[in-house]
Amino acid sequence: MDRLEAKEFLQAASLGCLDRKELDELRELLEFDSELQFELAAYQTLCAMIPFSLEIVNPGEIVKDNVALRLIKIEEELRSKREAELKAQMPEVKVEDTSEIIQEIQTLGTQTEDLTQELAEESFVQAVEEQVEIETPEVFEAPIPESYLAEDITKTEDIPDIPIEEEIISEEIFETEVTEPRTESIDEEESVEEKFEEVATHEVPQEDSIAQIEDIKYEEPKQPEVKTVVETYSGQVKVEHQSYTESKISDITSRTVAEKLQKSFQMDIEAIKRAVEKSESKFFKGIISLIIICAILLAVSIFLFFKFTADVKKLEQEIEKLKKSNSVGSNYETQKDYSSLL
Amino acid sequence: MNNINTSDYELLQRVLKRDSKALEALYDKYSPLLYTLIKRIVKEEKLAEDVLADVFVIIWQKTQLYNFDFKNVYSWIVLLTKNKAVDVLRRKSNAESPEYNDEYENNFIIPTIYDYNELGFEEAYSKSEQLKSAVSKLTEAQRYVIQLAFFEGLTESEIASKLKIPLPTVKSKIRVALNTLKDKMNSEES
């Protein structure tokens with residue numbers, strides 16, 4: 001097709017009635033010929049105006065809704081496709097066997113239980129020792145400094161990192177009237193023996209002995225925040241922070257209890273999951289084995305059926321043959337056959 | 001954004017950026033004209049509605065195939081609609097049609113427009129009266145040939161076999177009819 005020939009096809013091309021072969025040839029020419037493009041554009045615009053010669057009719061409102069619905073569907077499909085592609089690109093996450101980890105957690109749990117017991121025992125022993133120490137006649141009660149009362153001492157967050165065992169010696173001298181030391185009529189040996197017995201059996205100390213100790217020690221001995229101040233003869237006041245150890249121990253034990261609970265819950269959930277999975281797999285295996293058995297039985301029965309029918313047919317044929325051979329007609333036929341052969 | 005004063009070219013650019021409001025604006029503008037055209041070609045109301053929906057789905061999905069160097073959006077939309085409707089009509093009557101897939105749609109349904117002049121619906125509508133008077137001045141035979149080619153979707157050879165006249169005669173008739181229409185339009189404008 002040359003350029004002049006192409007020009008004659010422009011009208012038909014714009015109307016859309018050009019045959020396929022001619023249209024392909026024209027398209028090849030149009031790619032590089034801007035003059036042809038310009039001429040075709042004029043005819044295309046003219047043809048696009050033709051619908052205005054018709055009487056315009058409005059489509060129903062439903063058509064617009066249909067278009068909107070279709071577009072929403074298309075967008076959803078595209079989204080799902082994209083998601084599927086992204087999923088395909090993501091590497092597969094293999095779940096490792098967690099049984100070993102669970103066992104380790106269990107052993108750690110038992111270890112922590114032991115540790116908490118040990119800590120509780122130690123704290124109790126320390127408390128007993130301190131109480132015994134307080135019972136000496138040199139121990140005096142001193143008022144609690146305002147700095148300690150002002151703040152909540154049980155808050156471990158505010159306490160600096162000081163070793164629990166470290167004794168804090170305060171230089172502050174409290175102006176208090178120190179009365180003469182009074183000795184109480186307590187049998188030290190007996191009380192100490194009782195305490196150690198109690199430690200060994202992990203029992204709560206008897207109320208009588210505690211009451212005796214409490215009478216000597218504090219006015220309100222049950223509060224852990226109360227500090228016992230030991231005034232030495234050198235004039236320095238020794239403050240033993242029991243609350244540090246107590247607070248830390250209580251904090252640790254509370255944490256371990258929470259952790260234990262959490263772990264136990266997790267373990268329970270995992271055990272249930274495993275049990276469900278096992279039961280499911282067993283169920284499916286059972287179904288599959290049943291299907292296989294049924295299929296085998298069916299195949300065997302079909303095989304037997306065909307075999308027996310074939311055997312029966314054979315036998316019938318043989319019977320018929322035998323019947324024929326024994327009959328008179330058959331003899332005649334055989335004779336006849338032989339004669340023809342001869 | 002005010003879609004009424006926005007040109008079709010700008011609306012199509014926004015459709016390319018997946019702006020559904022722009023497509024809605026195009027629908028509101030074009031749907032009566034396109035529905036009339038489709039209904040004239042396929043002659044069934046329900047089918048015409050489906051084809052109209054198809055056309056706007058194509059516009060939504062294949063806007064990237066429009067060459068934005070050219071600004072004649074009106075011709076692109078109308079000729080796309082005409083091609084789609086004719087294809088539906090052909091498939092309805094002829095069972096041995098080529099497979100409708102993306103490649104077919106890109107090559108034979110979506111037109112290639114070469115017009116640098118911006119033409120939107122409003123400009124085209126303003127010329128509609130001129131076109132009507134120009135068409136009325138065509139001969140009966142010329143009008144019939146245009147009708148067979150544009151609304152019936154027949155090719156030149158099919159028109160020739162239908163009218164039982166030689167193919168060159170059909171070609172010349174089509175050429176003359178369109179040239180006459182063009183001249184009449186120009187004379188109406190002047």
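A quick note: this is a predicted structure, and the numbers were derived from the prediction, not measured.

Caption draft 1: Just the overall build of chain B, in detail. The secondary structure content of chain B amounts to 10 helices and 0 strands. Listed N to C, the secondary structure of chain B is α-α-α-α-α-α-α-α-α-α in terms of helices and strands. Considering chain B as a whole, with its 190 residues, one finds that 52% of them fall into the buried category. When the accessible surface of chain B is summed, it comes to about 8,900 Å², and 49% of that surface belongs to carbon and sulfur atoms.

Caption draft 2: Molecular detail of the overall build of chain A. A tally of regular secondary structure across chain A gives 10 helices and 3 strands. Beginning at the N terminus, the succession of helices and strands in chain A can be written as α-α-α-α-α-α-β-α-α-β-β-α-α. Residues classed as buried in chain A amount to 22% of the 342 residues present. Sequence separation of at least 24 residues holds for 67% of the intrachain contacts in chain A that already meet a minimum separation of 6. For chain A, the accessible surface area stands at approximately 26,000 Å², while carbon and sulfur atoms represent 56% of it.

Caption draft 3: Local environment of the interface of chain B and chain A. Across the contact, 59 residues belong to chain B and 45 residues belong to chain A. Between chain B and chain A the total buried area reaches about 4,800 Å² when both faces are included, carbon and sulfur atoms providing 69% of it. Between chain B and chain A we count 5 salt bridges in total. The interface formed by chain B and chain A includes 18 residue pairs in polar contact (both at pLDDT 80 or more). The element best represented in the side of chain B that touches chain A is helix 2 (residues 20-42) of chain B, accounting for 11 residues. Class assignment of the residues belonging to the side of chain B that touches chain A gives a composition of 33 nonpolar, 11 polar and 15 charged.

Caption draft 4: Representation of the environment of Tyr43 of chain A. Positionally, Tyr43 of chain A belongs in helix 3 (residues 34-49). By relative accessible area, Tyr43 of chain A is classed as buried at 7%. For the pair Tyr43 of chain A and Leu15 of chain A, spaced 28 residues apart in the sequence, the C-alpha separation amounts to 8.2 Å. Those residues in contact with Tyr43 of chain A, other than ones at most four positions away along the chain, are Leu10, Gln11 and Ser14 of chain A together with Leu178, Asn179 and Lys182 of chain B.

Caption draft 5: Highlighting the packing of helix 7 (residues 128-136) of chain B against helix 10 (residues 167-189) of chain B. All names here are of chain B. The geometry of helix 7 relative to helix 10 is characterised by a closest axis approach of 9 Å and an angle of 130° between their N-to-C directions. Between helix 7 and helix 10, the interaxial angle falls into the category oblique. Considering the relative orientation of helix 7 and helix 10, their crossing is right-handed. Seen from helix 7, the contacting residues are Gln130, Leu131, Ser133, Ala134 and Val135; seen from helix 10, they are Leu181, Lys184, Met185, Glu188 and Glu189. By residue class, the composition of the contact of helix 7 with helix 10 is 5 nonpolar, 2 polar and 3 charged.

Caption draft 6: Main features of the confidence of the model for chain A. Per-residue pLDDT for chain A has a mean of 69; in total, 51% of the residues score no lower than 70. Every residue in residues 223-253 of chain A is under pLDDT 50, and counting partners more than four places away or in other chains gives 66 contacts.

Caption draft 7: Geometry of the packing of helix 8 (residues 140-151) of chain B against helix 10 of chain B. Residue and element names in this part refer to chain B. At a closest axis distance of 9 Å, the pairing of helix 8 and helix 10 adopts a crossing angle of 105°. Taken together, helix 8 and helix 10 sit at an angle that is classed as roughly perpendicular. Residues Gln142, Val145 and Ile146 of helix 8 touch helix 10, and the partners they reach there are Lys173, Ile174, Val176, Ala177 and Thr180. Each residue belonging to the contact of helix 8 with helix 10 can be placed in one class, and the counts come to 5 nonpolar, 2 polar and 1 charged.

Caption draft 8: Up close: a negative patch on the surface. Residues and elements named next belong to chain A. Together, Asp2, Glu5, Glu8, Asp24, Glu25, Glu28 and Glu31 make up a region of like negative charge exposed at the surface. Elements that contribute at least two residues to the negative patch include exactly helix 1 (3-15) and helix 2 (20-30). The element that contributes the greatest number of residues to the negative patch is helix 2, accounting for 3 residues. Structurally, the position occupied by Asp2 is in the segment before helix 1.

About the thresholds
- Residue numbers restart at each chain and count upward from 1, following the sequence in its written direction.
- Chains and ligands are labelled by the order in which they are written, letters from A for the one and numbers from 1 for the other.
- Thresholds applied to this predicted model are a pLDDT of at least 70 for local features of residues and 80 or more for the giving and counting of side-chain atom pairs; totals over whole chains, interfaces and linings are not thresholded and use all residues.
- Hydrogens and water are ignored here; the side-chain numbers use all heavy atoms of the structure.
- Helix and strand assignments follow DSSP, with helices taken as H or I runs no shorter than four residues and strands as E runs no shorter than two, numbered in order from the N terminus.
- Relative accessibility under 20% of the residue-type maximum defines a buried residue, over 50% an exposed one, and the middle range a partly exposed one, all with a 1.4 Å probe and only protein chains included.
- In short, Shrake-Rupley with a 1.4 Å probe defines the accessible areas, and a residue's cover is counted only from the protein chains shown.
- Residues are treated as being in contact if the distance between any of their heavy atoms lies within 4.5 Å.
- The term buried area means the drop in 1.4 Å probe accessible area that two parts suffer when joined, counted for both and summed.
- For this document, the term salt bridge refers to a Lys or Arg side-chain nitrogen within 4 Å of an Asp or Glu carboxyl oxygen.
- Counting of polar contacts relies on pairs of N or O atoms within 3.5 Å, with two restrictions inside protein: one atom must be capable of donating a hydrogen and the other of accepting it, and residues adjacent in sequence are counted only when both atoms are side-chain atoms.
- Nonpolar residues are Ala, Val, Leu, Ile, Met, Phe, Trp, Tyr, Cys and Pro. Charged residues are Asp, Glu, Lys and Arg, and all others, Gly as well, are polar.
- Lines fitted to the C-alpha atoms define the axes, with helices restricted to the stretch that makes contact. Angles between their N-to-C directions range from 0 to 180 degrees.
- By definition in this entry, angles of less than 35 degrees are roughly parallel, angles greater than 145 are roughly antiparallel, angles of 65 to 115 are roughly perpendicular, and the rest are oblique.
- Two helices cross in a left-handed way if the nearer one is turned anticlockwise from the farther one by less than a right angle. They cross in a right-handed way if the turn is clockwise.
- Confidence of the predictor at the level of single residues is given by pLDDT, which spans 0 to 100.
- Only residues whose relative accessible area exceeds 30% and that form no salt bridge are eligible for patches; like-charged ones are grouped when within 9 Å, while nonpolar side chains (Val, Leu, Ile, Met, Phe, Trp, Tyr) are grouped when within 5 Å.
- For the purpose of counting charges, residues Lys and Arg are taken to be positive, whereas Asp and Glu are taken to be negative. His and the chain ends are not included.
- All charge positions are set by atom: Lys at NZ, Arg at CZ, Asp at CG, Glu at CD.

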